[in-house]
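One letter stands for each residue in the lines below.
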Amino acid sequence: MALRLIAVLCLSVMFITVRLASERGVHVVESLFYRQALALPVVLAWVAMAGGLQTIRTRRIRVHASRMMLGLTGMLLNFLSYILLPPAEAATIGFTMPIFGTILSALILREVTGIHRWGAVLIGFIGVLVMIRPDAGHFPLQGVAVAIAAALMTASVSLVLRELGRTEAAGVVVFWFTALSMIPLGIAMPFVAQAHDPATWGLLLTIGLFGGIAQLCLTAALRWGPVSVVLPMDYSAIIWTTLLGVAIGEDWPMATTWIGATLIIASGLYIAWREHVRARRPIVSLEVPPQD
């Protein structure tokens, strides 16, 4: 739980820093590049402590490449959501990821989804509508659409990670995501790279450092604690992003944001609890025991 809380705090700092860097003229692709490039030494140090390069061997490089493209797209959309929306609202819409995860699991993996989880999905979407109040024009609809797309993409990544997790250790997944992402980002960088002042370079360094620490802590948290206990810690992001947003001059979130956040968080927690209950449910064998 402590590792997950640290990870969420680091992610909140990273997202707020992306917003500050954008205000100083940094292209979002630059932020992505330095987030991955500066996190790579952290990941390599972790690999070295875990036993060296032999620990990252894989026979599923194509699946890792697919995970990289989905993950990179999701990260791009998440960065944009924090640029286009106030931080608290961007974080709150990001909490819809378990909702989309439930929908995708039912549609793609054909998992049996009962009325309880579908009810939680409905409540979560009501929470989004309460928060953004599309008729009032409080937030740019473009930013809302990007944040929802980011949550959907993150949910898609979770399905791929579930598949990779059957054969690959967490460190292998982290390494190949970070390393492979440098290929498309390296190709794109000459088209967007700019010169920056020392203060802006400090922001880019912060993005990479906190992003790398967050990724390692996220992975380690799931190793040391059950998912049903660890994942609810993610909702502390609403606290960090609100406080950090106010610290950089953003307005305090409106009452509708808190009401919507409550519904979305309740929906996500209920989905996590139902999945935990289903995972613990014993499997009853229908086989007839052999007769003596």
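Structure: above.
Small disclaimer: the values here were computed from a predicted structure and weren't measured. (Residues numbered from 1 in each chain as written. Predicted model: local features only at pLDDT ≥ 70, side-chain atom pairs only at ≥ 80, totals over all residues. Heavy atoms only, no water.)

*Asks:* Would you explain the overall build of the protein chain in this entry?
*Replies:* Looking only at helices and strands, one finds twelve helices and zero strands in the protein chain. If you list the helices and strands of the protein chain from N to C, you get α-α-α-α-α-α-α-α-α-α-α-α. Burial analysis of the protein chain (292 residues in total) assigns 46% to the buried set. Taking as baseline every contact in the protein chain between residues at least 6 positions apart, the subset at least 24 positions apart corresponds to 89%. (Helix = DSSP H or I, 4+ residues; strand = E, 2+ residues; numbered from the N terminus. Buried < 20%, exposed > 50% of the residue type's maximum accessible area, 1.4 Å probe, protein only. Contact = heavy atoms within 4.5 Å.)

*Asks:* Would you explain helix H6 (residues 115–132) in this entry?
*Replies:* An α-helical segment advances 3.6 residues per turn. Residues three or four places apart therefore align on the same side. The terminal C-alpha atoms of H6 lie 26 Å apart, and with 18 residues this matches the ideal 26 Å at 1.5 Å per residue to within 8%. Note on H6: the residue one or two positions beyond its end, arginine 133, has a positive phi of about 40 degrees. (Expected span 1.5 Å × (residues − 1).)

*Asks:* Even after reading the chapter, I still don't get the packing of aromatic side chains, so can you show me in this structure?
*Replies:* Describing an aromatic ring pair means giving the distance of the ring centres and the angle of the ring planes. Scanning the model with the defined rule gives eight aromatic pairs in all. With centroids separated by 4.3 Å and ring planes inclined at 5 degrees, the aromatic side chains of phenylalanine 15 and tyrosine 82 adopt a geometry described as stacked. One end of the pair, phenylalanine 15, is in helix H1 (residues 2–23); the other, tyrosine 82, is in helix H3 (residues 61–84), and 67 residues separate them in sequence. Accessibility expressed as a relative area gives 12% for phenylalanine 15, which makes it buried. With 5.3 Å between their ring centres and 85 degrees between their planes, tyrosine 34 and tryptophan 201 make a pair best called edge-to-face. (Phe/Tyr/Trp six-rings, centres within 6.5 Å; stacked < 30°, edge-to-face > 60°.)

*Asks:* Explain the packing of helix H5 (residues 97–107) against H6 to me, please; I cannot follow it from the model alone.
*Replies:* Two quantities define a packed helix pair, namely the angle between the helix axes and the distance between the axes. Viewed as axis vectors pointing N to C, H5 and H6 meet at an angle of 135 degrees, and their least axial separation amounts to 9 Å. Taken together, the axes of H5 and H6 are oblique relative to one another. Note on packing geometry: the crossing formed by H5 with H6 is left-handed. Seen from H5, the contacting residues are Ile99, Phe100, Thr102, Ile103 and Ala106; seen from H6, they are Arg117, Trp118, Val121, Gly124 and Phe125. Residue classes in the contact of H5 with H6 are distributed as seven nonpolar, two polar and one charged. (Axes fitted to C-alpha atoms, helices over the stretch in contact; angles between N-to-C directions. Parallel < 35°, antiparallel > 145°, perpendicular 65-115°, else oblique. Left-handed = near helix turned anticlockwise from the far one by under 90°. Nonpolar A, V, L, I, M, F, W, Y, C, P; charged D, E, K, R; others polar.)

*Asks:* Would you mind showing me how to read H1 here?
*Replies:* Under the 1.5 Å per step criterion, the end-to-end length of H1 is 32 Å for 22 residues, consistent within 8% with the ideal 32 Å. Residue glycine 25 follows H1 closely and has a positive phi angle near 95 degrees.

*Asks:* What should I look at first to understand a nonpolar patch on the surface in this one?
*Replies:* On the surface, Ile239, Leu243, Val246, Trp252 and Trp258 cluster together into a nonpolar patch covering about 490 Å² of accessible area. Per element, the largest residue contribution to the nonpolar patch is three residues, and it comes from helix H11 (residues 237–247). Mapped onto the fold, tryptophan 258 is located in helix H12 (residues 255–280). The class of tryptophan 258 is partly exposed, set by a relative accessible area of 33%. (Patch = residues over 30% accessible without salt bridge, like charges linked within 9 Å, V, L, I, M, F, W, Y side chains within 5 Å. Areas by Shrake-Rupley, 256 points an atom, 1.4 Å probe, with all protein chains shown as cover. Salt bridge = Lys/Arg side-chain N within 4 Å of Asp/Glu carboxyl O.)

*Asks:* How do you make sense of the nonpolar core when you look at a structure like this?
*Replies:* Most often, soluble globular proteins keep nonpolar side chains buried together rather than apart. Judged by nonpolar contacts, the single largest core of 50 residues is most densely connected at Phe79, Leu85, Ile93, Phe95 and Ile132. Among the elements that line this core, the one with the most residues is helix H8 (residues 170–192), at ten residues. Those residues in contact with isoleucine 132 that sit more than four places away from it in its chain are Ile93, Phe139 and Val144. Among the nonpolar cores identified, the runner-up in size contains ten residues, and Ile99, Phe100, Ile103 and Ala120 belong to it. (Core = buried A, V, L, I, M, F, W, Y, C linked by side-chain atoms within 4.5 Å.)

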